[in-house]
Amino acid sequence: MDVTTLTLVGLIALALLFDYTNGFHDAANAIATVVATRVLRPRWAVAWAAGWNFVAFFFVGTAVANTVGSTVHTEYFGPAVVFAALLGAVVWNFTSWHLGLPTSSSHALVGGLVGAGLTAGGLSAIKGESVEKTALFIVVSPVAGLLLGSLVMALLGVLLRRADVPRTERRFRALQLVSSAAVSLGHGGNDAQKTMGVIAALLVSTGHLDAPIDGDLPIPDWVAISAYVAIAAGTMSGGWRLVRTMGSSITQLRPVSGFAAETSAAVALFGSTALGAPVSTTHTVAGAVTGVGAANRGATVNWRVFGRLTVAWVVTLPAAAAVAAVAYLLTTAPPTAVSAVVMTAVVLGLVALLGLALRSAPKASDVVPGDDEELEVAMRPGTGSIIDSRGVPASREVLERGGSLEEAESAARRQDRTRQPL
């Protein structure tokens with residue numbers, strides 16, 4: 001196997017490694033609500049999500065792959081640019097996962113491509129239309145999720161205002177399986193395409209695929225299947241660090257509100273995928289969870305957590321771009337043969353580091369809600385939300401004076417011991 005072929009194989013392996021980190025990094029988006037509401041145990045939840053990640057292969061096209069694959073013009077889309085871009089994205093995914101920040105794998109990849117492309121050829125190397133679409137959806141995706149979440153939650157509140165609470169809870173636990181599957185389908189359909197686009201563009205730039213005639217990248221079946229398998233495998237590994245952030249740190253969720261958040265996020269994801277926009281699943285789900293909490297009078301939103309996530313989202317693209325720019329400069333400095341060895345060593349090192357991190361990371365048992373966390377209190381009919389005898393959630397008062405969400409939930413439990421059933 002010559003150096004050129006070895007380099008190509010190494011880059012494809014690195015792209016699939018990014019896809020894998022995308023899966024475990026973003027797994028919380030699909031499973032956090034069903035774990036928080038005890039609809040599924042964590043291990044079953046990730047298996048459910050991973051299955052639907054892969055099923056997206058049979059339903060979703062390649063519009064997003066074309067947007068990502070055309071971020072850098074073909075004449076600059078060489079092995080060094082791809083390596084640097086993927087390295088920037090993987091490093092940022094790993095860093096944000098380690099810190100428990102549910103950031104965007106999509107924007108990390110685009111940021112890496114922009115950083116490497118600019119270093120390789122300046123502004124002329126970057127296709128502005130693709131970057132503009134991605135940048136636009138940094139704002140659009142969380143806002144769309146928030147607005148849809150608020151709308152769906154408000155609508156359900158009206159429709160179910162006289163519904164029997166226990167029966168409603170049981171029904172929406174079952175419906176959450178459908179809504180979480182929809183989020184996983186949208187996640188796989190949008191996010192796996194990003195890796196497909198990078199690999200296809202790389203194969204075109206190295207002469208292993210014919211250049212697109214109509215503007216659409218040719219995506220071989222083996223590329224698509226490999227990408228979907230990698231993201232599903234990543235989802236199976238859990239990403240447990242981020243489950244609590246998405247499932248309980250932003251707002252309190254019950255089956256009805258969990259269903260509303262997931263349904264809203266899924267609608268936004270499918271719409272973005274149809275438009276060919278590499279949207280962030282993380283941004284969309286977090287926006288939907290926040291919107292549901294804001295529209296639910298029986299819950300509270302920890303806006304400080306949402307604000308911290310927003311800062312992380314803004315930092316993602318430039319941070320990944322900076323790592324990619326440095327990686328490109330280091331990769332192109334030595335002779336080609338040395339660069340190939342360096343790329344191979346980095347890929348193997350990242351795999352080893354990832355394996356060690358996953359072994360020491362939180363496990364499924366660490367994110368199962370404890371018995372003292374199950375808020376066994378009377379619920380407002382239909383919404384399944386916690387309120388006190390005045391119709392005001394006790395947790396809101398704690399948050400307003402600067403307490404944490406954990407303190408707020410403890411206050412709600414203490415208050416429930418003395419309140420009269422509504």
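Cut-off values and rules
- Residues numbered from 1 in each chain as written.
- Predicted model: local features only at pLDDT ≥ 70, side-chain atom pairs only at ≥ 80, totals over all residues.
- Heavy atoms only, no water.
- Helix = DSSP H or I, 4+ residues; strand = E, 2+ residues; numbered from the N terminus.
- Buried < 20%, exposed > 50% of the residue type's maximum accessible area, 1.4 Å probe, protein only.
- Contact = heavy atoms within 4.5 Å.
- Areas by Shrake-Rupley, 256 points an atom, 1.4 Å probe, with all protein chains shown as cover.
- Phe/Tyr/Trp six-rings, centres within 6.5 Å; stacked < 30°, edge-to-face > 60°.
- Axes fitted to C-alpha atoms, helices over the stretch in contact; angles between N-to-C directions.
- Parallel < 35°, antiparallel > 145°, perpendicular 65-115°, else oblique.
- Left-handed = near helix turned anticlockwise from the far one by under 90°.
- Nonpolar A, V, L, I, M, F, W, Y, C, P; charged D, E, K, R; others polar.
- Core = buried A, V, L, I, M, F, W, Y, C linked by side-chain atoms within 4.5 Å.
- Patch = residues over 30% accessible without salt bridge, like charges linked within 9 Å, V, L, I, M, F, W, Y side chains within 5 Å.
- Salt bridge = Lys/Arg side-chain N within 4 Å of Asp/Glu carboxyl O.
- UniProt positions renumbered as here; feature names shortened; annotations may be inferred.
- Expected span 1.5 Å × (residues − 1).
- Bend = angle between axes of the 7 residues up to and from the residue.

(A) Spatial organisation of the overall build of the protein. Along the backbone of the protein there are 15 helices and two strands. In the protein, buried positions account for 56% of the 422 residues. Sequence separation of 24 or more characterises 86% of the internal contacts of the protein that already satisfy a separation of 6 or more. Of the roughly 16900 Å² of accessible surface on the protein, a fraction of 65% belongs to carbon and sulfur atoms.

(B) Geometry of the packing of aromatic side chains. A full pass over the atoms with the stated rule returns six aromatic pairs. Taken together, a centroid distance of 6.0 Å and an interplanar angle of 80° make the contact between Phe54 and Phe58 edge-to-face. Under the relative-accessibility criterion, Phe54 is labelled partly exposed at 27%. Through a chain of ring-to-ring contacts, three or more aromatic side chains come together here, namely Phe54, Phe57, Phe58 and Tyr228.

(C) Quick look at the packing of helix α7 (residues 165-205) against helix α8 (residues 221-236). For the pair α7 and α8, the least separation of the axes is 9 Å and the interaxial angle reads 135°. In terms of their interaxial angle, α7 and α8 are classed as oblique. At the point where α7 passes α8, the crossing takes the right-handed sense. When α7 is examined against α8, the residues His187, Gly188, Gly189, Asp191, Ala192, Gln193, Thr195, Met196, Ile199 and Leu203 are found in contact with a partner set consisting of Trp222, Val223, Ala224, Ala227, Tyr228, Ile231 and Thr235. Of the residues belonging to the contact of α7 with α8, the class tally is ten nonpolar, six polar and one charged.

(D) Fine view of the nonpolar core. One finds Phe77, Leu86, Leu109, Leu113, Met196, Val198 and Ile219 to be the most contacted residues of the largest nonpolar core, which totals 53 residues. Of all the secondary structure elements, the ones that give two or more residues to this core are α1 (3-36), α3 (63-69), α4 (79-98), α5 (105-121), α7, α8, α12 (303-332) and α13 (336-360). Of all the elements, α4 adds the most residues to this core, at eleven residues. If near-sequence neighbours (up to four positions away) are discounted, Phe77 is found in contact with Gly69, Val72, Val82, Leu113, Val198, Ala201, Leu202 and Ser205. In terms of nonpolar packing, the next biggest core, distinct from the first, is built from 19 residues, Val256, Ala266, Ala277 and Ala288 among them.

(E) Quick peek at the side chain of Ser179. Tracing the sequence through the fold places Ser179 in helix α7. Relative accessible area serves as the criterion here: at 3%, Ser179 is assigned to the buried category.

(F) Quick peek at a nonpolar patch on the surface. A grouping of Val139, Val143 and Leu147 is seen on the molecular surface, where their side chains present a nonpolar patch of about 280 Å² in accessible area. Mapped onto the elements of the fold, Val143 is located in helix α6 (residues 128-159).

(G) Structural view of the packing of helix α2 (residues 42-55) against α8. Packing of α2 against α8 brings their axes to within 8 Å, and their N-to-C directions diverge by 170°. The orientation of α2 with respect to α8, classified from their angle, is roughly antiparallel. Contact residues: Arg43, Val46, Ala47, Ala49, Ala50, Asn53 and Phe54 in α2; Ile225, Tyr228, Val229, Ile231, Ala232, Thr235 and Met236 in α8. Here the residues of the contact of α2 with α8 are counted per class, giving eleven nonpolar, two polar and one charged.

(H) Fine view of the environment of Gly69. Note on placement: Gly69 falls in helix α3. Considering only alpha carbons, one finds Gly69 and Ile199, 130 residues apart in sequence, at a separation of 8.0 Å. Discounting residues that sit within four places of it in the chain, Gly69 has contacts with Phe77, Gly197, Ala201 and Leu217.

(I) Just the UniProt feature "transmembrane region" (unreviewed entry) in the protein, in detail. In the numbering adopted here, UniProt assigns the feature "transmembrane region" (unreviewed entry) to residues 46-64, 76-95, 107-126, 135-160, 311-331 and 337-358. Note that residues 76-95 is 85% helix and 0% strand, and that its end C-alpha atoms are spaced 28 Å apart. The span residues 311-331 is 100% helical and 0% strand by assignment, and the distance between its end C-alpha atoms comes to 30 Å.

(J) Main features of α7. Spanning 41 residues, α7 covers 59 Å between terminal C-alpha atoms, matching the ideal 60 Å at 1.5 Å per step. The largest bend in α7 is about 25°, located at Leu175. Counting buried positions along α7 yields 30 of 41 residues, so the element is predominantly enclosed. Gly207, located one to two residues past α7, shows a positive phi value of around 80°.

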